[in-house]
Amino acid sequence: MKHLTHGNYIFPSLQITEALLKERDKQAKWNGIPLLLQKLYEHSHPNSDFSQCQSILKEISPLLSMEAMVYVTEDRKAAQESSFPNTYTFDLFGGVDLLVEILMRPTLITQKKKQKISDDLIKDCLSILYNTCICTEGVTRRLAERNDFVLFLFTLMTNKKTFLQTATLIEDILGVKKEMIQLDDIPNLASLVSSFDQQQLANFCRILAVTISELDTGSDDKHTLLAKNAQQKKNLGPSRAEINQATLLNIPGFIERLCKLATRKVSETTGTSSFLQELEEWYTWLDNALVLDALMRVANEEAEQSSTESSDESGLANTSTRTQLPQSMKIMHEIMYKLEVLYVLCVLLMGRQRNQVHKMIAEFRLIPGLNNLFDKLIWRKHSASALVLHGHNQNCDCSPDITLKIQFLRLLQSFSDHHENKYLLLNSQELNELSAISHKANIPEVDAVVNTDRSLVCDGKRGLLTRLLQVMKKEPAESSFRFWQARAVESFLRGTTSYADQMFLLKRGLLEHILYCIVDSECKSRDVLQSYFDLLGELMKFNIDAFKRFNKYINTDEKFQIFLNQINSSLVDSNMLVRCITLSLDRFENQSDAKVAEVLSECRLLSYMSQMSMRMSFLFRLINIIHVQTLTQENVSCLNTSLVILMLARRKEKLPFYLRTLQQMEYTEKYPGFILNNFHSLLRFWQQHYLNKDKDSTCLENSSCISFTYWKETVSILLSPDRTSPCAIVSYIDEAYMDIDRDFSEE
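Residues numbered from 1 in each chain as written. Predicted model: local features only at pLDDT ≥ 70, side-chain atom pairs only at ≥ 80, totals over all residues. Heavy atoms only, no water.

1. Brief notes about the overall build of the protein chain
Our working definition: Under the scheme used here, helices are H or I runs from DSSP no shorter than 4 residues and strands are E runs no shorter than 2 residues, and both carry numbers assigned from the N terminus. Only protein chains enter the accessibility calculation, which uses a 1.4 Å probe; a residue is then buried when its area is under 20% of its type maximum, exposed when over 50%, and partly exposed in between. What makes two residues a contact is simply this: any of their non-hydrogen atoms within 4.5 Å. For the area figures, the Shrake-Rupley method with a 1.4 Å probe applies, and any residue is considered shielded solely by the protein chains shown.
Within the protein chain, the regular secondary structure consists of 39 helices and 2 strands. For the protein chain, the residues scored as buried account for 56% of the 747 residues in total. When contacts within the protein chain are restricted to residue pairs at least 6 apart in sequence, those whose partners lie at least 24 apart make up 76%. Of the roughly 33500 Å² of accessible surface on the protein chain, a fraction of 50% belongs to carbon and sulfur atoms.

Structure (C-alpha cells):
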C-alpha cells in the first residue's frame with residue numbers, strides 16, 4: 001500500500017492491510033479504533049468537505065468519554081494507575097495528531113476559498129482531545145510543545161458554541177507547559193476579551209491565572225534568599241508573568257468587568273437552604289466552573305428541545321445527571337466564578353502595577369461590593385452536608401466554599417498591606433470613630449483617613465474589617481481560616497504604627513481573643529501561632545493601653561508562663577512579637593507619663609523584657625537559629641529583630657557590653673566564636689540584601705520607627721575590621737577562632 005500523507009501527518013495504519021488490521025484488532029481488543037481512524041484520515045484530505053468526519057467521530061467519542069468519566073468519578077490516584085486502553089490506542093494510531101491537523105487546516109491552507117469546519121465537528125475534536133489528555137500520559141505535554149496550536153486554540157474561543165471545550169483544553173495544556181505563554185502573542189487579545197460575556201470572562205480568568213502567576217509562588221517563603229538574589233541577578237528584566245500582568249491592565253475595561261463579576265449578587269429567587277443536599281448524587285465529579293457551565297447548558301438545551309438528544313457534552317454528562325439540575329446550582333456557579341476572579345485580582349494587587357490596580361478597584365467599588373456579599377455568599381453558614389470535591393473532605397481547603405473564603409481573605413491581605421486605601425474596609429461611621437479616637441488622644445489624624453473618599457467606603461452598619469473581626473471571634477479552634485483571618489487583620493495594621501487603628505481593634509476585643517487562642521486554647525498549629533504573634537505585635541506596638549489590657553487578661557503567673565512557653569517554643573514564629581515588646585519597652589522607659597510608669601511597674605511582660613538576662617537570651621537564640629545559607633523570607637525577620645535589640649543598645653551606649661556578653665555566653669557553651677562568626681556573616685549578607693531594595697528598607701523603617709540610616713550605620717559599625725573598636729564584632733572573636741571571610745554567594 002502506498003504511504004499516504006497530508007500536511008505533516010502520516011497515518012501509521014495505512015501501512016497495514018485492512019484484513020490484517022481487523023484480525024489484529026480482535027486479538028488486541030482495540031475496539032475498532034484503528035479502522036475508524038483510517039476512515040477519518042481518508043475523509044479528511046485537503047479537498048474534503050469533512051461531511052463524513054462527524055459521523056466517524058461520533059463512533060469514536062463514546063469509547064473515549066467512557067474512560068474519561070472513569071477518571072473524573074473515581075479516585076484520581078487509582079484512575080491514573082489503571083489503564084485506559086481506548087485512549088491509548090487512539091493516540092498510538094495517530095488520532096491526536098490527526099485531530100490537531102483537522103482543526104488547524106483552515107489556517108494552513110492558502111487558497112482563496114477557505115475550508116469551513118462546522119462548530120459541531122470542532123466541539124467533537126476538542127472533546128476527544130481533552131478526554132485523551134486526561135487519560136493518556138504525555139499527550140498534554142506534546143500538545144503544549146506546539147506553540148502554534150496553543151495560540152490557535154485561543155482563536156476558537158471567539159465562538160460561543162466552542163468556548164467551553166476550548167477553555168477546558170487550554171487550561172489543561174497551559175498547566176503542563178514548560179514555558180509560560182506570552183499573552184501579547186494571542187491574536188487580537190483585546191477584542192477577544194471584549195467579545196466574552198461575563199460567564200466566559202470568569203472562566204477565562206481560570207486560564208489567565210496560569211499566565212500571570214510566578215511559577216514558584218506556592219513555596220515562596222521556603223526558597224533561600226541567597227537563591228532568590230542569585231536568580232534576580234540573572235533575570236534583569238521583568239518576568240513573563242509581569243509582562244502578562246501589564247498586558248491585561250492595558251485591555252480597556254478589563255479590571256472594571258472583573259470587579260463587577262466579583263461583586264454581582266446571586267439571584268434572590270435562588271434557595272440557599274438545601275441546595276447542597278440536592279447536589280449530593282452528582283457532586284463527586286464537579287471539578288470547576290467549566291463543568292458547571294457545561295451541565296447548565298445541557299439542562300437549558302434539554303428544556304428547550306426535550307425531544308432532541310444533545311450531542312455536545314457526551315464526555316461530560318450521562319443520562320442520569322441530564323434530567324434536571326437544581327435551581328440552586330446558581331450559587332455554586334457564582335462561587336466558582338468569584339474564586340477565579342478574586343485570584344486574578346489578588347495576583348495583580350501584588351504585582352509591579354500595584355498602585356494602578358489599587359486605584360482602579362477602589363474606583364470600581366470592589367470593597368463595598370464584597371462587603372454586601374459577605375453574609376449571603378462569602379461567609380454564609382455551612383449546611384450539615386457541605387459540598388466537597390471528590391477525594392476531599394468538607395474541611396479540606398479544596399472545597400469551593402472554603403477556597404472562596406481563603407481567596408477572599410488573601411485579597412483583603414493584599415489590598416490592606418502598606419496601602420492607604422485600606423481605610424475603604426471601613427464605613428463612614430467607623431472612619432468618624434477613628435477621627436474621634438485621635439482627637440481624644442490629642443494626636444493628629446492620619447492623613448490617609450482624612451483623604452479617604454467617603455463615596456468609595458463600605459455601606460451598611462458594619463464595614464468589611466468589622467465583619468471579619470466578628471467571624472474571627474466565632475471561629476472554632478481547629479479552623480483552617482484562623483491563619484488567613486489573622487493575616488488579613490494584621491495587614492491592616494502594618495506600616496507606620498497608628499494608635500487610632502490599634503484602639504479601633506482593641507475596643508472590639510481583638511487582643512483578648514488572640515490571648516485566649518494562644519493561652520487558654522493553647523493553640524498548637526505553628527502557622528496559626530505565627531500569624532497570632534505577628535498580629536499581637538502590630539496591635540500592641542508602642543500602645544500603653546494594649547499592654548495594660550494584656551496584663552489584665554494575663555493575670556496569673558500560670559497564664560504568663562503558658563504565654564512564655566508559646567513564645568519560646570519557636571522564636572522564628574514569635575520573633576516579631578519579641579521585637580514589638582523590645583521597641584515598646586524602650587519607648588516607654590523614655591517617657592515621663594504617670595500612666596506609662598504605672599503600667600511599666602505592673603505589666604508582667606514589660607518587667608520580663610526589662611531584665612538584661614532575658615534580652616541577652618533572646619539575642620543569643622535569634623542569632624543561633626539562622627545562617628546565611630538557610631535564610632528565607634520567613635526567618636530573615638530573626639536577623640532584623642536581633643539588630644533592633646543591638647540598635648537600642650547602641651543608643652544607650654551599651655553595644656560593647658552586649659557584644660562582650662555574647663562572647664561570654666559562647667565560652668559558657670564551650671564553643672568560642674560560633675555565634676559571633678555567624679552574626680558577622682549574617683550582617684554581610686544583610687548589607688548585600690537590603691542596600692539594593694527600597695521597599696524592604698521602607699518596611700524596616702516604618703515598622704521600627706528607626707531611620708534606615710541608623711540601621712545601615714549600626715551594621716557598618718558592627719562589621720568594622722578594626723579590632724581595636726569596642727563596637728566591632730571582630731574585637732570579640734579570638735584570632736584562633738576567627739572565621740569571617742567565608743564566601744556565601746550562591747552559584
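2. What to know about the packing of helix α27 (residues 510-520) against helix α30 (residues 557-569)
Let me state the cut-off plainly: Only the stretch in contact is used when a helix axis is fitted, and all axes are lines through C-alpha atoms; the angle between N-to-C directions ranges over 0 to 180 degrees. Here the word oblique covers every angle except those under 35 degrees (roughly parallel), over 145 (roughly antiparallel) and from 65 to 115 (roughly perpendicular).
One way to put it is that α27 packs onto α30 with a least axis distance of 9 Å and a crossing angle of 85°. Overall, the two elements α27 and α30 adopt an arrangement that is roughly perpendicular. Residue-level contacts link Leu515, Ile518, Val519 and Asp520 of α27 to Lys559, Ile562, Phe563 and Gln566 of α30.

3. Considerations on the packing of helix α34 (residues 612-624) against helix α37 (residues 674-690)
Which entries qualify depends on this criterion: It is the rotation of the near helix from the far one that decides the hand of a crossing: anticlockwise by less than a right angle makes it left-handed, clockwise makes it right-handed. Gly falls in the polar group here, along with every residue not listed as nonpolar (Ala, Val, Leu, Ile, Met, Phe, Trp, Tyr, Cys, Pro) or charged (Asp, Glu, Lys, Arg).
Viewed as axis vectors pointing N to C, α34 and α37 meet at an angle of 65°, and their least axial separation amounts to 9 Å. With respect to the hand of their crossing, α34 and α37 are arranged in left-handed fashion. Across the interface between the two elements, Phe620, Ile623 and Asn624 from α34 touch Phe674, Ile675, Asn678, Phe679 and Leu682 from α37. A per-class count over the contact of α34 with α37 returns 6 nonpolar, 2 polar and no charged.

4. Concerning the pattern of salt bridges
Counted only if it meets this: Any Lys or Arg side-chain nitrogen found within 4 Å of a carboxyl oxygen on Asp or Glu counts as a salt bridge.
Summed over all chains, the structure comprises 30 salt bridges. Between Arg365 and Asp459 there is a salt bridge, and its shortest N-O distance comes to 3.2 Å. One end of the pair, Arg365, is in the loop between α19 (354-363) and α20 (366-378); the other, Asp459, is in the loop between α23 (447-451) and α24 (464-474), with 94 residues separating them in the sequence. Judged by relative accessible area, Arg365 falls into the partly exposed class, the value being 28%. Overall, Asp459 belongs to the partly exposed group, its relative accessible area being 33%. Salt bridges sharing common partners tie together Asp417, Arg487, Glu490, Arg494 and Asp534.

5. Description of the nonpolar core
Definition in use: Take the buried Ala, Val, Leu, Ile, Met, Phe, Trp, Tyr and Cys residues and link them wherever side-chain atoms come within 4.5 Å; each set so joined is a nonpolar core.
Phe149, Phe154, Met157, Phe408, Leu505 and Phe563 are the most contacted members of the largest nonpolar core, which totals 228 residues. At 14 residues, helix α18 (residues 329-349) tops the list of elements feeding residues into this core.

6. Details of α37
Which entries qualify depends on this criterion: To estimate the expected span of a helix, subtract one from its residue number and multiply by 1.5 Å.
Taking 1.5 Å of rise per residue, 17 residues should cover 24 Å, and α37 covers 24 Å from first to last C-alpha, within 8% of that figure. Most of α37 is tucked away: 13 of the 17 residues are buried.

7. Quick look at the confidence of the model for the protein chain
Threshold: pLDDT measures how confident the predictor is about each residue, on a scale from 0 to 100.
Put simply, the protein chain has an average pLDDT of 82, and 79% of its residues get 70 or more. Mean pLDDT across the secondary structure elements of the protein chain bottoms out at helix α16 (residues 275-278), with 38, and peaks at helix α26 (residues 499-506), with 98. The low-confidence segment residues 306-325 (pLDDT under 50) makes 39 contacts with residues lying over four places distant or belonging to another chain. Note on residues 383-395: pLDDT under 50 across the span, and 30 contacts to partners over four residues away in sequence or across chains.

8. Remarks on the environment of Ser455
For clarity, the cut-off: Counting of polar contacts relies on pairs of N or O atoms within 3.5 Å, with two restrictions inside protein: one atom must be capable of donating a hydrogen and the other of accepting it, and residues adjacent in sequence are counted only when both atoms are side-chain atoms.
With respect to the helices and strands, Ser455 occurs in the loop between α23 and α24. Distance in space between the C-alpha atoms of Ser455 and Glu363 is 9.4 Å, their sequence separation being 92 residues. Reaching out from Ser455, the side chain makes a polar contact with the side chain of Asp453 at a distance of 2.7 Å.

9. Considerations on the packing of aromatic side chains
Our working rule: Here the aromatic set is Phe, Tyr and Trp, taking the six-membered ring for Trp, and pairing holds for ring centres within 6.5 Å; pairs whose planes are under 30 degrees apart are stacked, those over 60 apart are edge-to-face, and all others are tilted. Our definition puts a charge over a ring when NZ of Lys or CZ of Arg is within 6 Å of the ring centre and also within 35 degrees of the ring normal.
Scanning the model with the defined rule gives 20 aromatic pairs in all. Put simply, the rings of Phe154, Phe163, Phe196 and Phe204 pair up and form one aromatic cluster. Across the ring face of Tyr710, the terminal group of Arg651 is positioned such that the distance to the ring centre comes to 5.8 Å.

10. Details of the environment of Ser438
Mapped onto the fold, Ser438 is located in helix α22 (residues 428-440). Not counting residues up to four positions away in its chain, the partners in contact with Ser438 are Ile443, Pro444, Glu445 and Ala500.

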